[in-house]
Amino acid sequence: MSLRTVLLLALLGVVGAGAWHVQRVRNEPPAPATAAREQSRPAETLVETPEGAQQEHRQVPQENSRVEDQAAVLAPFVPRLSRMADDFYKDLGIDVRVVTINDAEASIEEQANQIFEGKQIGRDSPVGGVLIVLNPRLAKARIEVGYTLEGALTDLHMGRLARDQLAPYVSYGAAGMAVMDVLHYLKDHVYLSAALGRLTLPDDFKTAKAYLEYERYVSGGAGAGTKLSSVPIDADLKVTVPPELRARYAPSKDPKESVAAYLRATGDFAGDPSLELFTEGSRLMRKHYPFAPFEELRRFERIESSKPLQYIVEGDYAVATSERPAHGFVPILLHREQGLWRIDLVETWKNLFFDGEGKYFLRNANTPYEFGLKQFGSAGYHEMHALPLRDETLERWLEDLDRDDDVVAALWRAELWLRNGFVFPPALLDYEKARRLAPRDPWVLEVLGERARYLSLPELAIPALESIGRGLEYSIADAYNEAGDRQGAGRWIDAALKENPYELRALEWKKYLAEKADNAADAQRAQEALAMLRNNPERPHQPVVLFFHPDMPRFEPDTTIDVDGTKVFDHSKFGVTLQNTSGRTVEIESVMLKSFGDSAASGLGDIKGYWRYPQGNHRLGPGEYLYFEKQWGFTVDTGHHHVRYVFHTCWHGLGSSVRQCRTQWVDTMPHIPNPK
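Here is a short report on the structure shown in this document. (Residues numbered from 1 in each chain as written. Predicted model: local features only at pLDDT ≥ 70, side-chain atom pairs only at ≥ 80, totals over all residues. Heavy atoms only, no water.)

## A look at the sheet that holds strand β9 (residues 340–343)
Put simply, the rule reads: Two strands pair under a simple rule: DSSP has to find at least two bridges between them. The helix count covers DSSP runs of H or I at least four residues long, the strand count covers runs of E at least two residues long, and both are numbered beginning at the N terminus. Fitting a line to C-alpha atoms yields each axis, with helices limited to the stretch in contact; the angle taken between N-to-C directions then spans 0 to 180 degrees.
Taken in spatial order, the four strands make up an open sheet running β6-β7-β8-β9, and their pairing is antiparallel. Two strands close off the open sheet at either side, each with one partner strand: β6 (310–314) and β9. Each strand axis lies, on average, 25° off the axis of its neighbour in the sheet, ignoring direction. Here strand β8 (residues 332–337) pairs with β9 via four bridges, running antiparallel. Within the sheet, the bridge partner assigned to Glu-337 lies in β9 and is Leu-340.

## A short note on the packing of helix α17 (residues 473–482) against helix α19 (residues 504–516)
Where we set the bar: Comment on the angle field: the value is read as roughly parallel under 35 degrees, roughly antiparallel over 145, roughly perpendicular from 65 to 115, and oblique elsewhere. Crossings are classed by handedness, with left-handed meaning an anticlockwise turn of the near helix from the far one by less than a right angle and right-handed meaning a clockwise turn. We call two residues in contact whenever any of their non-hydrogen atoms come within 4.5 Å of each other.
At a minimum axis separation of 12 Å, α17 and α19 run at an interaxial angle of 15°. With respect to each other, α17 and α19 are oriented roughly parallel. Read as a crossing pair, α17 and α19 show a hand that is left-handed. Contact with α17, carried on its side by Tyr-474, Ala-477, Asp-478 and Asn-481, involves Arg-505, Ala-506, Trp-509, Tyr-512 and Leu-513 of α19 and no other residues of that element.

## Looking at empty space enclosed by the protein
Heads up, the rule is: Put plainly, a pocket is an open set of points on a 1 Å grid over the protein atoms alone with protein on both sides within 12 Å along at least five of seven lines, a cavity is a set where a 1.4 Å probe fits but cannot get out, and a lining residue has an atom within 4 Å of a point. Grid points are joined across faces, edges and corners, and a volume is the space filled by probe spheres set on the points. Just so you know the grouping, Ala, Val, Leu, Ile, Met, Phe, Trp, Tyr, Cys and Pro go in nonpolar, Asp, Glu, Lys and Arg go in charged, and all remaining residues, Gly too, go in polar.
If you walk through the whole model with that rule in mind, you get one cavity of 30 Å³ or more. Estimated volume of the largest cavity: approximately 40 Å³. Gln-165, Tyr-169, Ala-178, Asp-181, His-288, Tyr-289, Val-423 and Pro-425 together form the lining of the largest cavity. A per-class count over the lining of the largest cavity returns five nonpolar, two polar and one charged.

## Remarks on the nonpolar core
Note the threshold: The term nonpolar core refers to a set of buried residues drawn from Ala, Val, Leu, Ile, Met, Phe, Trp, Tyr and Cys, joined through side-chain atoms within 4.5 Å. For each residue, the accessible area found with a 1.4 Å probe, counting protein chains only, is set against the maximum for its type, and the residue is called buried under 20%, exposed over 50%, and partly exposed in between.
If you look at the biggest cluster of nonpolar residues, it comprises 163 residues, and the most contacted ones within it are Ile-132 and Ile-143. For this core, the leading source of residues is helix α5 (residues 175–195), giving 14 residues.

Structure below.
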C-alpha cells in the first residue's frame with residue numbers, strides 16, 4: 001500500500017505531487033465496468049428502494065474510542081476518520097483523537113486543554129498525542145499537541161492549520177472532509193519530521209515502508225535532505241513572492257519555458273497561490289490546500305529523473321510527458337491562455353489517480369488533455385469536465401452564484417468549485433446547501449452522489465443515490481461494492497434484474513458477485529444466461545430507448561405561454577424519440593411520466609399514445625423509431641427552479657411473456673446569466 005490510503009481527499013499533495021489514490025487489486029478482475037455514456041441517462045426517483053438498503057446505511061455508528069462526534073458534524077465520515085486515527089497509532093505510535101462539541105461556556109483553547117488532559121491523550125502512547133477539536137457553536141477549531149511532538153508540530157503551524165483548513169467548515173457537512181484533509185497532512189508532516197531528525201521515533205516504527213521512503217529520500221542525493229532541513233518546520237510557504245522575483249516564475253509563450261519556470265517554482269518551494277504561472281483554477285486550488293514541501297521536492301526529482309521531456313501539443317493544450325518516466329512520474333499539463341502557457345494542476349489531479357503501487361493511471365477520459373495521456377491507460381467518461389465560464393473569471397462566477405435561496409445557483413457553484421477548481425470542502429458546503437434547499441430533488445441528489453462516487457466516497461454517495469432509487473441501480477451497486485458491502489451491491493443488482501431480466505450488465509454483475517462469494521452455481525447460471533442472450537439473433541437484451549432533443553432543454557420559469565387556450569407555466573420545449581434497438585418486434589406496454597424538481601412532484605400518467613405507431617397496437621419493429629415534439633409545462637406556477645421529466649418505459653417482445661422496463665430522464669434547466 002502506498003503512503004496515502006484509499007480515498008485521499010486531502011489533496012495536500014495536489015499542490016505538490018499527490019493525487020487521488022484509488023486502490024487497484026491487480027490479481028483479480030474488476031467489478032463490471034460502467035456502461036458507455038448514452039444520450040439520455042437512466043434514472044427514476046424516490047421509488048422502489050430494495051428493502052433494508054437505506055436503513056442499513058443509516059446504522060453506521062458515529063463514535064468510537066478515538067472519534068467523538070457530539071456536535072454531529074462529522075457524519076458520514078466517522079468510520080473512516082476512526083480508521084485513520086487507528087492507523088496513526090499503528091504506523092507512528094501517536095494517539096490521535098477527534099472531538100466535536102457544542103459548548104460555548106469556555107474558549108476553544110480551554111476546551112481543548114480540558115479534553116486533552118481529561119482523556120489523558122498520548123499518556124500511554126510510544127510517541128505522543130494529538131487532539132483535534134471542532135466547536136460549531138464557537139465556529140472555531142484547535143489542534144492540541146502533546147509536548148513530545150511540539151518540535152515537529154509547533155503551535156504556530158497547528159494554529160494556522162486549524163484556522164485555514166478546519167475553522168471555515170466546523171459548522172457544516174464538510175467538517176468530516178476537512179478533518180480527513182488535516183489528518184493526511186499531519187501524517188505526512190510527522191513522517192518528514194522524523195526522517196529529518198526533528199522527531200524521534202522508536203526503532204520498531206522506523207521499519208515501516210512509508211518511513212523508509214521518507215528516510216531514503218532525505219538522505220539521498222540532489223541535496224534533498226539539506227533543502228528540506230533548511231525550511232523552518234512552521235514556515236508559511238504560501239507567502240507572496242516579491243515583485244522583483246516574480247519574473248522567475250512567469251508563464252511563457254513557449255510551453256518548454258513555462259515548464260522550466262514551474263520546475264523553478266517547485267524547487268524553490270514557491271507556494272504563492274497568486275502566481276500567474278498557473279491557471280485560475282490551479283491558483284484557487286493552491287490557495288485552499290496546504291503546501292507540502294516534501295511532495296513538491298519529490299515531484300521535482302521525478303520530473304528531473306524522467307528527462308528528456310516530450311511535448312505533445314494540440315491546439316491550446318499541451319502535455320509534457322516522458323518516454324522513459326521514473327516511478328511515480330506525473331505529466332505536466334499546460335493550457336494556453338491569452339497567448340501564455342500556464343500549468344493546469346486542476347486537470348492533472350482531477351483526472352490522474354494513483355493505485356496501491358504508486359503508479360498513476362487515467363481515471364477520466366473526459367478531459368481536453370486525453371490526447372497526451374495515452375500511456376496512462378484508458379478510462380471511462382465522467383461528467384467532471386470544467387464548466388464553461390463564458391469569458392468571465394472563475395472568481396466572479398463563485399461570487400455571483402453565492403445566493404441564499406436558489407438551488408440551481410448553489411449546485412452550479414458547487415460544480416464550479418469541484419470541476420473547475422478541484423477544491424472539495426467548499427464544494428461540499430454548496431452541495432449540502434443545495435440539498436437543504438431541495439432535500440428530495442433528484443437532480444441535486446444525483447449530482448452529489450455521482451461526484452462522491454467518482455471521488456471514491458461511498459459513505460457519501462450511497463444515501464444520496466438511494467434516495468433516488470430505480471434507474472441508478474448500477475451506481476448504487478458500485479458504491480456498495482466500493483464500501484466492501486457486496487450484499488448491498490447484490491440487492492441493487494437484483495432490483496435491476498427485476499426491472500429487466502435480459503439486462504446484460506446486471507447479469508455480468510451477478511456473475512462477478514457470485515464469483516466473489518465463491519458461489520460457483522450462481523456464477524455458472526449467470527454465465528449461461530449471458531451466453532444465451534448474446535447468441536440470440538433477435539438480441540432481446542437490446543432495450544427500447546428514449547432520446548431527447550435537445551438533451552438539456554431550456555426551462556422557462558419567468559414567462560408563461562398559451563397552449564390551445566391554456567396558460568402554461570414553467571415551460572420547456574423538447575422532442576422525444578422512441579426506438580426499438582433489438583432485432584425483434586416489441587409491444588410498448590406503458591411509458592409512465594413523472595416530473596420532479598425542487599418543489600412538489602407530479603405524475604402525468606401513461607403517455608405511450610403520444611407516438612403514432614404505423615404497425616398499430618403500440619408496436620415497434622426491429623430498429624424502428626418514432627418521434628414527437630411538444631411544449632411541456634404546468635397549468636399552475638409550481639415554484640420549480642428546474643424540472644426533471646422521468647420516463648419509465650416497459651415493453652415485451654411479441655410472443656414473449658417477459659416484461660422489460662427502463663427508466664430515463666431529461667433535465668430542463670434555466671439560463672444562468674453571466675455575473676453582473
